[in-house]
Every structure is written in C-alpha cells, then in structure tokens.
Amino acid sequence: MRFSTTFLDDIRDRVPISSVIGKRVSFDKKKSNAGRGDFWGCCPFHGEKSPSFHCEDRKGRYHCFGCGVTGDHFRFLVELEGLSFPEAVEQIAVQAGVPLPDRDPEAEKRDQERASLHDVMKLATSYFLEKLQAPEGAKARGYLRGRGLTAQTQGAFQIGYAPEGRSALKEFLAGKGIAKDQIEACGLVVFGDDIPVSYDRFRDRIMYPIEDSRGRVIAFGGRAMAADAPAKYLNSPETELFHKGQILYNFAKARKAVQEKGTVIAVEGYMDVIALAQAGFHHVVAPLGTALTENQLELLWRMAPEPVMCFDGDQAGIRAAMRAADLALPHLKPGKSLRFVLLPDGKDPDDLVKASGPEAFTQVLNEARPLIDMIWSRETASGSFDTPERRAELEQRLRSVVAPIGDESIRRHYSQDLRDRMRAFFGSNERPRGNSERPSPQGGHRVAQAKGRFAVSDNLARSALVRGPQAGVALREGAIMMMAVNHPLLIEEDLAGFTDMELPNGDLQGLHRAILSVLSVADISEGQGLHRLLTGSGQGAMLDTLSKLVARSKLWVAMPDAAIEDVREAWRQALHLHHKVRTLRGELRLSELSLAEATDENVGHILQHLGDIKSQIDNLQATEALLDGFGVMSGRATAKS
C-alpha cells in the first residue's frame, strides 16, 4: 500500500526517533542530552566500543559517524530488523496511536499531482533567478546592493526578480509544457470567473522563495519595487503546497544551524532573516507576514526548547511580543518556554547589525528576558495601584493570565513567582504609585516608572541594555591586552583578574581566549614568544590593530619597549579600573530597574543612589590617564611633584 507524504510526516512528528531507537540501542548517559532530544550510543549496524551513533529528535534522523549509516524512523526498522517498508510504517503508526489509512486512490493521485507542483515551483524559481541577472533586473540588483546583500547571500536564499509584464511568467511556464491548471494550483497567477484572462500574481517584485521542511520551494514572497504598489509585500495564496500558518521562513536551513547554536531566533520578516544570516546568524526564522500561530510555535519548539522571540522595539513589535506570550502560555511544559528580545525603538535586526556589527546583536540576545517578565511588565506597566481595590484588581488579572497554563507544575510556579513579585512591588506597608511621572529631585529629566517595554527610565532606554554594545575597541581594554601580550608575567601575577575580564568587543574576546589557550599549554615569559604564537593562531590582525591604537594614543606603557616595572603599575591600575567600572555599571543597571518598583517614599533615595553611582563612574573615568608618574625605568621623566 502507498502511504501519503502527509500521513508519513504526521506519524514521524508524533513519535520521537529516540523512542524507536532507544528500544534497540542503549544510550550513553554522559554524552547524551535528553532535555534537548540529543542521544548517542554504540552503533547497532557495526561493532564499536565508543558511541559514534547519533540520533536527534528535532530532526527525526540518525547518523553513525563510524560506518556512515543514516536515515529516519522507517529506514532504521527496515535496515536493522528486516521489516518491509509498510511493516515499519505500521509499527510507527501503532506507536503514534494513529490508525492506518484505507487505500485511497484519490489521495494517491493528489500526492502525484503535488509532486508535479513542486516541479512547477522549481521552474518558477529558476525563471526569477534568471530575470534578476537580465537587463530588466537592473533596478532590483541595485536595490539588493543598497541593502548590503552580497551575491553569495542572494544565491543562498535564491532571491530573484519578477518582471513587470502581466503574463511573462505564465508564458514562460506554458512554453515549458506546464498546464494552465497547474500554474493556477501553484498560486502563480490571478484567475477566477470574473477574470477573462489570468495574469501573473507577482510583477516588478523582488522574489523570496519560501521552502518547506525538506527545502523544496512551495511559495513566494514578493517585495514591490514601485513605491505606489498596493502592497509592499505580497505572499503566495494558500495552495495545496502552501499553508502559511504552518511553515516558517528559513525553517529548513535554520534547523541545521540550531544543532550547533542550541537555540532558534524568531524575527519578524524575510530581510531580518537574510541580513542576520549574512552576519553569521544562521539559526533564524520568521513567520510569513502574519502573527505567530500555534503550528509555528510547535515548529519552534521542535527546533529548540526555549526559542528567542526577537521583535522591533516599536509599539507594533511590543504588541506582537505580547501576542506571542499569550499564545505560548497554554502550551508551556517543563523546560519548554520562550525568551524575548525587544530591539531599540525604531530599529530592526538589519539596522542594528549594519550600525553596530554582529556583536551588538549578540549582546541584545544575551539580554533576552523570560516569558514571565513579559507578562509582569505588561500587567504593571500601566494603571495606578494606589488603593487596595486597584491592587486587588491587578492580583485578579494576574490570576486570569496564569489560568490558561495547561501544565499544573508550570501554573503553580508561575503563580508563586507572580505572588513574590507582588509582595516586592507593593511592599509590606507601602503604597505604590502607578504609571505616573514626577520630576527628579535633582531637577533633571522626568522619570517614568514603566513604558510598556523593558526600559524603565530615559537613561536606561539609552543604555547598552537596549542599544547593544559599540563595535569598537575601548582604549583601556586594548591597552590591557597589549600589556599582557608584551609582558606575559603580568598574567601569571594576577591570573584571576585577567581571566575574569568581561570584554564587550568580540575580537577582543577572541584574543583574550587565545592568550589563555596559548599560556595553558606553553611556558612563556617574554612578549616576543607570545606574540609569535598568537600570530600563528590567527590573531595577527588583531594584534596589529591594537598596536596602532596604543601608538596613536601615545600609551607608551602598552608598547613593547616599556620596562615591566613601569608597566606593572599601569597594568594594576587599568585592570582595577576595568573591574570597578564594570561593577558600578551593573549596580547602575539594577538601580535603574528598581525604579519600576519604586514608591513615593523611596523614589528619591533611589534617584540619589543613581546619581552617586554615576558620579563614581565619572570620577573613575576621569582618572583614566594611566601613566603620569610612571616611567622611570623606561627612561621617561619622573613623576610630577
């Protein structure tokens, strides 16, 4: 009997492959990660003593790195137990609790027709690719260059162009022998009883192919070139192949990258996905022009237990984040949730990466907040809670938010967490204020308790928590690294201080790791040897950049000819400043966040504390001149009296 692709996909999705293989293979507990659905064991197809056989629930596949066997649920049973394919399908169907379908000639016919539609979509993709490179695609090529997309990126995503003609694609496909009803079934033309002659759906548009989970093109998204087009973005209609609420853009490619990264990032649009992929973030997907659906949420969870939902920081992005939070609540399970990122207001991922580099987006991801923070922020961000009745109303509202959570243990923990936040928010005998504004005691700008997003003050809205880090190298950190490279003995004298450095710049992080890696395997006490080994490990360009930085700044203690006696004092001062400023900035962030829970009685105290911390940071940075008074051993002038 022939089984439909839909039926096979359904029972595969219902049964984790580990539950099939686990009955026949003993998984290695140390190497496996059950929480992520990632399992290792000794291969059942060839004799081995160490586990090189791997299966992964998210992908529904197995592979042996020893003998090379690979496959899915059915192939495993066919090859290991000698079952026929129908017998293997029957066994998985029983495990899934799904009855076998009756023989359906019509269903088999539809499967054959669906396969032919994939061929039509493949032809259309090739046509759009060709037209992008043709003379009529010049404007589209200029647009893509303006967006900073390389030819390699355009090729990876098969970006094309639909020309302006009303029937250009239709005539091309007809010339290839494609029947009228197939072109219509793919959604490539607009047709109907009230339309005498069908015409191309996509005209004068940048074309983004949309693929299914197996990497086959099933639809298109088109971005209009004309400023006066009725719709800036246009998707294919629902077809036999395409159901937009059941697929994520870039799902097939991202699924492979998720295995390495351990998570998946959901953004709002095609260009966000493509720009982030070009910046090195390949584990990114997007809904298809609609709010996230339950099916799409399940796809995300199939890829990773805690997907990161990344939304623009404008009001539309905040609303989308809240809808995603509400959608997820009923379906939460132990270890299965969402995290949220709101980008700086007015920016999308593409803007952020172009302005500040990949490091900025990485920093934003590192600040991702749990789902419960989103719920708490929304429910307390507006309204006044200065009476018992209003506080009771908030408590009732929080109970109603938690009620839909299906898992009893999750619901209990959410309720407890929100009760704890309520106690901290209201205090024992204090009357909290609502979302009002008051002048700062210092006469400065007005401070808002909450704004419906993570930022709780004007200062915090401008801080690195929202903006992300700057991509450049800070002079202090650059000097510290060069002093360490030129005098490795300094690292030995204060290994903990050097090891614990927090570096916002990605290139500096790489150099920091390389230094520690080299010194862990080689006994080096002089700078030339360390410099040589670091250059050999690929850090030569970074060392050259830092050398030029300290030379331009005339930081002579960070140069190779400075005497270690002088450098030691500068090193200690710079390292102390680095750690102290980092600590103070952490205190500043916590104090700013505490304004969200401030009452009339203590807001003045918090603002005063904020001012004290800022003054300390300013004072420390004012003493940044590392080196007046040091330099006797290096032949510089003595200290000023």
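Tell me about the packing of helix H3 (residues 73–81) against helix H4 (residues 85–96), residues and numbers included.
Where H3 contacts H4, the two axes come as close as 9 Å, and the packing angle between them is 120°. By the angle class used here, H3 and H4 are oblique. In this structure, H3 meets H4 at a crossing whose hand is right-handed. Along its contact with H3, which presents His73, Phe74, Leu77, Val78 and Glu81, the element H4 presents Phe85, Ala88, Val89, Gln91 and Ile92. Broken down by class, the residue content of the contact of H3 with H4 amounts to seven nonpolar, two polar and one charged.

So, the packing of aromatic side chains: which residues are in play, and what are the values?
Centre-to-centre distance and the angle between the planes together describe a pair of aromatic rings. This structure, assessed with the given rule, holds 17 aromatic pairs. With a centroid separation of 5.5 Å and an interplanar angle of 75°, the aromatic rings of tyrosine 62 and phenylalanine 76 are classed as edge-to-face. With a gap of 14 residues between them, tyrosine 62 in strand E3 (residues 61–64) and phenylalanine 76 in helix H3 connect regions that are remote in the sequence. What makes tyrosine 62 buried here is its relative accessible area of 1%. Note that lysine 253 overlies the ring of phenylalanine 157, its terminal NZ or CZ placed 5.2 Å from the centroid.

If you had to explain the sheet that holds strand E11 (residues 265–266) to someone new, which residues and values would you point to?
The five strands lie next to each other as E12-E11-E13-E14-E15, forming an open sheet whose pairing is mixed. Of all strands in the sheet, those with a lone pairing partner are strand E12 (284–285) and strand E15 (369–370), marking the two edges. By the bridge criterion, four bridges tie strand E13 (residues 308–311) to strand E14 (residues 339–342) in an arrangement that is parallel. For valine 308, the partnering residue across the bridge sits in E14 and is arginine 339. In the packing of helix H13 (residues 315–328) onto the sheet, the strands contacted are E13 and E14, and the crossing angle to E14 comes to about 175°.

Explain empty space enclosed by the protein to me, using residue names and the numbers behind them.
Taken as a whole and assessed by the stated rule, the structure comprises two cavities of 30 Å³ or more. In this model, the second largest cavity occupies a volume close to 80 Å³. Every residue lining the second largest cavity is listed: Phe157, Gln158, Pro209, Glu211, Leu248, Tyr249, Asn250, Phe251 and Lys253. Taken together, the elements giving at least two residues each to the lining of the second largest cavity come down to strand E8 (205–211) and helix H10 (251–261).

Provide a residue-level description of the pairing of strand E2 (residues 53–56), including the pertinent values.
The alternating pattern of E2 places Phe53 and Cys55 on one face and His54 and Glu56 on the opposite face, and all of these are buried. The sheet contact formed by strand E1 (residues 38–41) and E2 spans four bridges and is antiparallel. Bridging across to E2, tryptophan 40 finds its partner in histidine 54. Here E2 pairs with E3 via four bridges, running antiparallel. Among the inter-strand pairings, cysteine 55 is bridged to a residue of E3, identified as tyrosine 62. Linkage of E2 to E3, two consecutive antiparallel strands, is achieved through a turn of four residues, within which glycine 60 is found at a positive phi near 65°.

Can you tell me about the pattern of salt bridges, naming the residues and giving the values?
Side chains that differ in sign of charge can pair as their charged atoms come close. What the rule picks out here adds up to 25 salt bridges. A salt bridge links arginine 378 to aspartate 326; the nearest nitrogen and oxygen atoms lie 2.8 Å apart. Of the two residues, arginine 378 sits in helix H16 (residues 371–380) while aspartate 326 sits in helix H13, which places them 52 residues apart along the sequence. With relative accessibility at 23%, the residue arginine 378 sits in the partly exposed group. Owing to a relative accessible area of 36%, aspartate 326 belongs among the partly exposed residues under this scheme. Here glutamate 395 makes a salt bridge to arginine 399, at a shortest N to O gap of 3.8 Å. Placement of the pair is glutamate 395 and arginine 399 together in helix H17 (residues 388–402), with a separation of four residues, close to one helical turn. Taking relative accessible area as the criterion, glutamate 395 reaches 37% and is therefore assigned partly exposed. It is possible to trace a salt-bridge network through shared partners that takes in Asp326, Arg378, Glu379 and Arg397.

Let's hear about the environment of glutamine 363: which residues, and what values?
Inspection of the secondary structure assignment puts glutamine 363 in helix H15 (residues 358–366). C-alpha separation for the pair glutamine 363 and asparagine 505, spaced 142 residues apart in sequence, amounts to 9.7 Å.

An account of the nonpolar core is requested, with residue identities and associated values reported.
Core analysis: the largest hydrophobic core is formed by 59 residues, its most contacted members being Leu188, Tyr208, Phe220, Tyr249 and Phe361. If you tally residues by element for this core, the top one is helix H5 (residues 105–133), at seven residues. The residues contacting phenylalanine 361, other than those within four sequence positions of it, are Ile265, Leu276, Phe281, Cys310, Leu343, Pro349, Leu352 and Val353. Core analysis: the second largest hydrophobic core is formed by 46 residues, Leu248, Met303, Ala321 and Leu398 among them.

Pulling in residues and values, what's your account of the pairing of E3?
In summary, the side chains of a regular strand alternate between the two faces of the sheet. Burial of the side chains of E3 is restricted to one face: Tyr62 and Cys64 are buried, whereas none of Arg61 and His63 on the reverse face is. Direction of pairing for E3 relative to strand E4 (residues 70–71): antiparallel, over a ladder of two bridges. Counterpart to tyrosine 62 in the pairing with E4 is glycine 71. Hairpin connection from E3 to E4: five residues lie between these consecutive antiparallel strands, with glycine 68 at a positive phi of about 90°.

Criteria and thresholds
Numbering of residues starts from 1 in each chain and follows the order in which that chain's sequence is written. Side-chain atom pairs in this predicted model are given and counted only at pLDDT of 80 or more, local residue features only at pLDDT of at least 70, and totals for whole chains, interfaces and linings cover all residues. Excluded from the side-chain calculations are hydrogens and water; all other atoms, namely the structure's heavy atoms, are used. A fitted line through C-alpha atoms represents every axis, and for helices the fit uses only the stretch in contact; the resulting angles, taken between N-to-C directions, go from 0 to 180 degrees. Under the DSSP-based scheme used, a helix requires at least four consecutive residues in state H or I and a strand at least two consecutive residues in state E, with every element numbered from the N terminus. Note on angle classes: values under 35 degrees are labelled roughly parallel, values over 145 roughly antiparallel, values of 65 to 115 roughly perpendicular, and the remainder oblique. It is the rotation of the near helix from the far one that decides the hand of a crossing: anticlockwise by less than a right angle makes it left-handed, clockwise makes it right-handed. Here a residue-residue contact requires only that any non-hydrogen atoms of the pair lie within 4.5 Å. Each residue gets one label: Ala, Val, Leu, Ile, Met, Phe, Trp, Tyr, Cys and Pro are nonpolar, Asp, Glu, Lys and Arg are charged, and the others, such as Gly, are polar. Each pair of aromatic rings taken from Phe, Tyr and Trp, with Trp reduced to its six-membered ring, is defined by centres within 6.5 Å and is described as stacked if the planes are under 30 degrees apart, edge-to-face if over 60, and tilted in the remaining cases. Note on classification: 1.4 Å probe, protein chains only; a residue is buried when its accessible area is under 20% of the maximum for its type, exposed when over 50%, partly exposed between these limits. Placement of a charge over a ring requires the Lys NZ or Arg CZ to be within 6 Å of the ring centre, with the centre-to-atom vector within 35 degrees of the ring normal. Pairing between two strands is assigned when DSSP locates at least 2 bridges connecting them. Residues are called lining when one of their atoms sits within 4 Å of a cavity or pocket point, these points coming from a 1 Å grid over the protein atoms alone, where a cavity is a set in which a 1.4 Å probe fits but cannot get out and a pocket is an open set with protein on both sides within 12 Å along at least five of seven lines. Grid points are joined across faces, edges and corners, and a volume is the space filled by probe spheres set on the points. Note on definitions: salt bridges are taken to be side-chain nitrogens of Lys or Arg within 4 Å of carboxyl oxygens of Asp or Glu. Buried Ala, Val, Leu, Ile, Met, Phe, Trp, Tyr and Cys residues that are joined via side-chain atoms within 4.5 Å together make up what is termed a nonpolar core.

Limitation: the analysis is restricted to geometry and does not speak to function.
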